[in-house]
Amino acid sequence: MYLVCGEALFDFFCNPGERSSELNFRALAGGSPFNVAVGLRRLGVDSALFAGISSDYLGQRLRSVLEEEGVSDRYLVASDAPTTMAMVALDSQGSPQYMFRGEGCADRQLLAEHMPVLDEQVSGLHIGSYSLVVPPVGDTLLALVERESERRLITLDPNVRLNPAPDIERWRQRIESFAAHAHLIKVSEEDLELLYPGIEPLASIERWLAQRCQVVFLTRGSEGASVFSRQHGHWSVPARQVVTRDTVGAGDTFQAAIIAYLVQHGLDSPAALATLSRETLGAMLDFAVQAAALTCSRVGPQLPYRHELEQYQAVEGHEAQ
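Each value, and the rule that gives it
- Residues numbered from 1 in each chain as written.
- Predicted model: local features only at pLDDT ≥ 70, side-chain atom pairs only at ≥ 80, totals over all residues.
- Heavy atoms only, no water.
- Pairing = 2+ DSSP bridges.
- Helix = DSSP H or I, 4+ residues; strand = E, 2+ residues; numbered from the N terminus.
- Axes fitted to C-alpha atoms, helices over the stretch in contact; angles between N-to-C directions.
- Buried < 20%, exposed > 50% of the residue type's maximum accessible area, 1.4 Å probe, protein only.
- Contact = heavy atoms within 4.5 Å.
- Core = buried A, V, L, I, M, F, W, Y, C linked by side-chain atoms within 4.5 Å.
- Expected span 1.5 Å × (residues − 1).
- Arc of directions from axis to C-beta.
- Polar contact = N/O pair within 3.5 Å; in protein donor to acceptor, adjacent residues only side chain to side chain.
- Right-handed = clockwise from strand over helix to strand, strands pointing away.

Q: Hey, could you run me through the sheet that holds strand 6 (residues 84–90) in this one?
A: Strand pairing in a sheet relies on backbone hydrogen bonds, with the paired strands running either antiparallel or parallel. Spatially, 3-2-6-7 is the arrangement adopted by the four strands of the open sheet, whose pairing is mixed. Two strands in the sheet have a free side with no partner beyond their single neighbour: strand 3 (23–30) and strand 7 (96–101). Shown here is a sheet whose adjacent strand axes are inclined to one another by a mean of 25°, direction ignored. Here strand 2 (residues 9–16) runs beside strand 3; their pairing, made up of eight bridges, is antiparallel. Note on strand 3: the bridge partner recorded for F13 is R26.

Q: Could you clarify how one ought to interpret the environment of F228 in this entry?
A: Mapped onto the secondary structure, F228 falls in strand 12 (residues 225–229). Given the relative accessible area of 9%, F228 is considered buried. Look past the residues within four positions of F228 in its chain and what remains in contact with it is L202, I205, L209, Q214, V215, V216, L218, G233 and H234.

Q: Hey, could you run me through the nonpolar core in this one?
A: By size, the foremost hydrophobic cluster in this structure holds 55 residues, and its most contacted members are L40, L49, F217, F254 and L285. Examining the composition of this core, we find that ten residues originate from one element, helix 9 (residues 278–296), more than from any other. Those residues within four positions of L49 in sequence are excluded, and the remaining contacts are L3, V4, A8, P33, F34, A37, L66, V71, S72, Y75 and L76. With 48 residues, the next largest nonpolar core counts L3, V137, L142 and F178 among its residues.

Q: I keep staring at the sheet that holds strand 4 (residues 47–54) and nothing clicks. Help me out?
A: The nine strands lie next to each other as 5-4-1-8-9-10-11-12-13, forming an open sheet whose pairing is mixed. Looking at which strands have only one partner, the edges of the open sheet turn out to be strand 5 (76–79) and strand 13 (233–237). When the angles between neighbouring strand axes are averaged without regard to direction, this sheet yields 15°. Where strand 12 and strand 13 come together, five bridges link them in antiparallel fashion. The residue of strand 13 that forms the bridge with S229 is G233. Each of strand 4 and strand 5 is contacted by helix 2 (residues 57–69), which is oriented at about 170° to strand 4, the strand it contacts most.

Q: How should I be thinking about helix 4 (residues 168–179) in this particular structure?
A: What sets the pattern is the α-helix's 3.6 residues per turn: residues three or four places apart point alike. Taking 1.5 Å of rise per residue, the twelve residues of helix 4 would be expected to cover 16 Å, and the 16 Å separating its terminal C-alpha atoms lies within 8% of that figure. Within helix 4 the residues assigned to the buried category are W171, R174, I175, F178 and A179. Seen along its axis, helix 4 keeps its buried residues to an arc of 135°; they face one direction. Elements in contact with the buried residues of helix 4: strand 8 (124–128), helix 3 (137–148), strand 9 (153–157), strand 10 (184–188), helix 5 (189–195) and helix 6 (201–209). At the N-terminal end of helix 4, a side-chain oxygen is found 3.1 Å from the backbone nitrogen of E169, two or three residues along, and the residue is D167.

Q: Looking at this structure, I do not really get the pairing of strand 9. What am I missing?
A: Here strand 9 lies mainly inside the structure; five of its five residues are buried. Neither face of strand 9 is open: one carries L153, T155 and D157, the other I154 and L156, and all of them are buried. Pairing geometry for strand 8 and strand 9, over five bridges, is parallel. Each bridged residue has a counterpart across the sheet, and for G128 the counterpart in strand 9 is D157. For the handedness criterion, the β-α-β arrangement of strand 8, helix 3 and strand 9 is classed as right-handed. Sheet analysis places strand 9 next to strand 10, joined by two bridges and oriented parallel. Looking across to strand 10, one finds that L156 is bridged to I185.

Have a look at this one:
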């Protein structure tokens, strides 16, 4: 089982109404860690979510989604605080613009006393997004990975969101603190530009690889993705050609696919990660790029199921012949 840690919320997608005074909304359960936990289950990997979940109506709906998807509720922490709401509007390129309403909400209320005792069924932990930065959940998650990084695989996706936490210097400090304990990091070019404007991505990636981290995946939107390995150097692959509806959830899909590949091939441990061959890393990268492309071909964070990805791979393989 892989334990995903962080926020759970509802994304309210905003569309113009008939008049300027009207907006139409479509609300979908989400939050980057929530999506990764669901994405893992859809790809056939047992997952659980360590998160604060409200007792309000939206929180009950989040629990229902997790139950339907088969994500374990063992590590959920009940809270009377409200559920975070993220207002999402798409720009002309289909990229999401976020407005958060989350101060004092349930997913931020994880305290040190809520840190779970983990058994041997949990092979790794994934962390990411604004839960790394906002208190008190950020401090709790940092303490958790400090405790577990010697014995379990730690994966990190910064997934920088300035709306809930606009202090970029705090983001830098917290990302570097978490990166020091991570064995695998997935980061987007956009995140690195926000964190370190004007600095080449390779500088940050080499710094991380000089610590505990063994592998970094860099996503580059329509330009594809790259992998950087301590043992095997780095290389890139192009994005798959799909009709992009929007990019919501693509990064979470990429992350879930990377973790799923490791788990399903028995490579979900710090020791195994350090032995990955160039061929295995290439297969992981291709798998994740294919999964993300499927998500981009849909509206909203519709993460793919395993059978859908297998069908897509079969069609892609046939067209390549």
